[in-house]
Amino acid sequence: MSDLFPALRSTPDRPALHFPARSLTYGELAAVAGAVARRIGAASRVALWAAPTPHTAVGAVAALLAGVPVVPLNPKTGERELAHIVGDSAPTALLAGPDDQVPAALEALDRITVDLDGGADRAPQGAAPLPGDGTGIDPTAPAMVVYTSGTTGPPKGAVLSRRAIATSLDALEDAWAWTADDVLVHGLPLFHVHGLILGILGPLRRGAQVRHLGRFSVDGVARELGDGGTMLFGVPTMYHRLAEALADDPALVKALAGARLLVSGSAALPLHDHNLITAATGRTVVERYGMTETLMNTSVRVDAPQPRPGSVGVPLPGVELRLVDESGAPVAAYDGETIGEVQVRGANLFSGYLNRPDATAEAFDGDWFRTGDMAVRDPDGCVRLVGRRATDLIKSGGYKIGAGEIENALLDHPGVREAAVTGEPDPDLGERVIAWIVPTELDDPAARPSADALAAHVAGLLSPHKRPREVRFLTALPRNDMGKVMKRALRE
Ligand code: MCA
Ligand code: AMP
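Observations regarding the site of ligand 1
Here's step 1: Close to ligand 1 lie 25 residues, the nearest being Lys76, Arg215, Ser266, Arg288 and Gly397.
Here's step 2: Here an oxygen atom of ligand 1 and a side-chain polar atom of lysine 76 are 2.3 Å apart.
Here's step 3: Starting from 1,100 Å² of accessible surface for ligand 1 in isolation, the protein chains cover 72%.
Here's step 4: Elements that contribute at least two residues to the shell around ligand 1 include exactly α6 (193-206), α8 (236-245) and β13 (286-291).
Here's step 5: Tallied by class, residues from the shell around ligand 1 come to ten nonpolar, eight polar and seven charged.

If you want it as structure tokens, here you go:
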């Protein structure tokens, strides 16, 4: 595990990264990322402006080569969320592309420009071609801090070690027979585990190629998968859009049918979309189950005896998984019926939440991590997820969104007296964010803030994907005797 990316040295001529505007071989990536790594030097922590560009991929590799923890930032993050992340993670430098315009909150950081043309010639005389390829760096040292929402309060930074990343990627190699000859296609955002760790670092660890679409589109998937792509990663919203397009798009049918592996994750892929894709292409989408804090826990294996839509497969090598009942006792049954909370342990786990020992302690039951996901196990060991413990966590477009965080943002709008946020089923996004608002001006509907204004308010303070998709006005929120909002009554 000492060397995270052996292909940087061993196969310099093979293709590594392909983005719409630019491609790099492993040799080019080694030169460019090596030069950036030397400039990162001894920074204590670096932020990464994680736009969907090759600069983000190079910046992440550079930080890993330098052995300096990197904090990927969603370039669309609003001012409050960004201020929290920067304040909490305290980076000393910012990695960004030459054309990236960054908000004022980041201007005080030492900017390290990721220059895709500034490779080997920048290396000082006699410098090692690649600093810190892993030899000498403690595998348990922090490699990345990825921010993730909880039910209340601002997002927490999950600290991921080099070992956790390598362990999880190698477990997927085993489950998916992932080789250097694979060509992965995706259009996922690059500031989360799915797009960045699995979707960029995954292929690079294998010595394989990744083709990033810049942004997801059905046409982009058809083009790149049809032109030599062997694997596709996506969230269920992306597979839903592909499924809906299949009836009128023979090139897309051919592209999906010809892929070696179609993988969905981050949320449940509805059976309806599974069935549409299988009926049109003959392929079964493989689901894997993970979390920012645990990286990947289970997957349907490529050598599974039969397709299992609706199942997230079996625990990956090195992952111990148990179900626990309400009293905290392990559930022994493999009967496809007895529900328990999923708990996991293994070298794939995060090291804790940054600056939040309280939240870290709460997240564990001994050395078992409590995922909050509810599941059953089938007689053959396959796990099926059936729900989530917290109703205040919403999964929309594959993004995890905490209701409390949005409620706090809405309450800061002058037109809002009371606010509650719930998730409702949505055929495209899985769930959509609904805001229930008691306006300040109860008696004058014309003085209410518009739904668009509230959406823009949340997008500007937090992130666009957290904005309410629908706003419903009430004269009062239903509350119980303790004054707590009864969200079930709202939904009914
Ligand atoms: C619209 N937009 C706005 C507003 N309205 N911006 C600001 N204010 C507004 N009021 C913009 C959006 O920013 C976006 O811009 C565009 O309009 C469309 O917005 P939206 O409808 O939200 O996006 P979409 O095109 O429908 O996105 C669907 C999507 C996306 C592409 C599927 O949800 C997505 O990329 N999801 C991936 C989530 C993910 O990677 N999760 C992994 C975390 P623009 O189009 O320019 O962006 S989970 C994880 O990592 C674990 C480990 C796991 O298991 O995987
Ligand atoms: P995040 O914390 O954003 O990384 O999201 C992790 C959560 O996404 C998990 O706890 C699950 O609830 C959900 N998730 C991930 N993969 C799947 C999947 N294949 N099926 C259902 N839910 C999933």
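Focus: the sheet that holds strand β2 (residues 22-25)
The pairing of strands in a sheet comes from backbone hydrogen bonds and takes either a parallel or an antiparallel form.
Here's step 1: The strand order across the open sheet formed by nine strands is β2-β1-β10-β9-β11-β12-β13-β14-β15, and the pairing between neighbours is mixed. Two strands lie at the open edges of the sheet, namely β2 and β15 (314-315), each paired on one side alone.
Here's step 2: Pairing of strand β11 (residues 231-234) with strand β12 (residues 261-264), which is carried by four bridges, proceeds in the parallel orientation. Counterpart to leucine 232 in the pairing with β12 is leucine 262.
Here's step 3: Here helix α2 (residues 26-40) sits on the sheet and contacts β1 (15-19) and β2; the angle it forms with β2, its principal contact strand, is near 95°.
Here's step 4: Along the sheet, α8 makes contact with β11 and β12, crossing β11 at roughly 115°.

So, the site of ligand 2
Here's step 1: Near ligand 2 lie 15 residues; those nearest to it are Arg288, Thr292, Asp373, Lys395 and Lys400.
Here's step 2: Within the contact set of ligand 2, a nitrogen atom lies 3.2 Å away from a backbone nitrogen or oxygen of serine 266.
Here's step 3: One of the side-chain nitrogen or oxygen atoms of threonine 292 is found 2.7 Å away from an oxygen atom of ligand 2.
Here's step 4: Protein burial of ligand 2: of its 500 Å² of free accessible surface, 90% is covered by the chains.
Here's step 5: It is β13 that contributes the most residues to the shell around ligand 2, five residues altogether.

A few points about the pattern of salt bridges
In a structure, side chains of opposite charge can pair up when their charged atoms sit close to one another.
Here's step 1: Counted under the stated rule, the structure contains 31 salt bridges.
Here's step 2: The shortest N-O distance in the salt bridge between aspartate 182 and arginine 260 comes to 2.9 Å. With aspartate 182 in the loop between α5 (162-176) and β9 (183-186) and arginine 260 in the loop between α9 (250-258) and β12, this residue pair connects regions lying 78 residues apart in the sequence.
Here's step 3: Classification of aspartate 182 as buried rests on a relative accessible area of 4%.
Here's step 4: With relative accessibility at 30%, the residue arginine 260 sits in the partly exposed group.
Here's step 5: Here glutamate 224 and arginine 223 are joined by a salt bridge, their closest N and O atoms 3.4 Å apart.

Some points on unusual backbone geometry
Here's step 1: Despite not being glycine, alanine 90 shows a phi value in the positive range, around 45°.
Here's step 2: Turning to its location among the elements, alanine 90 is positioned in the loop between α4 (79-89) and β5 (93-96).
Here's step 3: According to the relative accessible area criterion, alanine 90 is partly exposed, its value standing at 43%.
Here's step 4: At asparagine 355, a position not held by glycine, the phi torsion is positive, near 60°.
Here's step 5: Inspection of the secondary structure puts asparagine 355 in the loop between β19 (352-353) and α11 (357-363).

Thresholds applied
Residues numbered from 1 in each chain as written. Chains lettered and ligands numbered in written order. Predicted model: local features only at pLDDT ≥ 70, side-chain atom pairs only at ≥ 80, totals over all residues. Heavy atoms only, no water. Near = heavy atom within 4 Å. Polar contact = N/O pair within 3.5 Å; in protein donor to acceptor, adjacent residues only side chain to side chain. Areas by Shrake-Rupley, 256 points an atom, 1.4 Å probe, with all protein chains shown as cover. Helix = DSSP H or I, 4+ residues; strand = E, 2+ residues; numbered from the N terminus. Nonpolar A, V, L, I, M, F, W, Y, C, P; charged D, E, K, R; others polar. Pairing = 2+ DSSP bridges. Contact = heavy atoms within 4.5 Å. Axes fitted to C-alpha atoms, helices over the stretch in contact; angles between N-to-C directions. Salt bridge = Lys/Arg side-chain N within 4 Å of Asp/Glu carboxyl O. Buried < 20%, exposed > 50% of the residue type's maximum accessible area, 1.4 Å probe, protein only.

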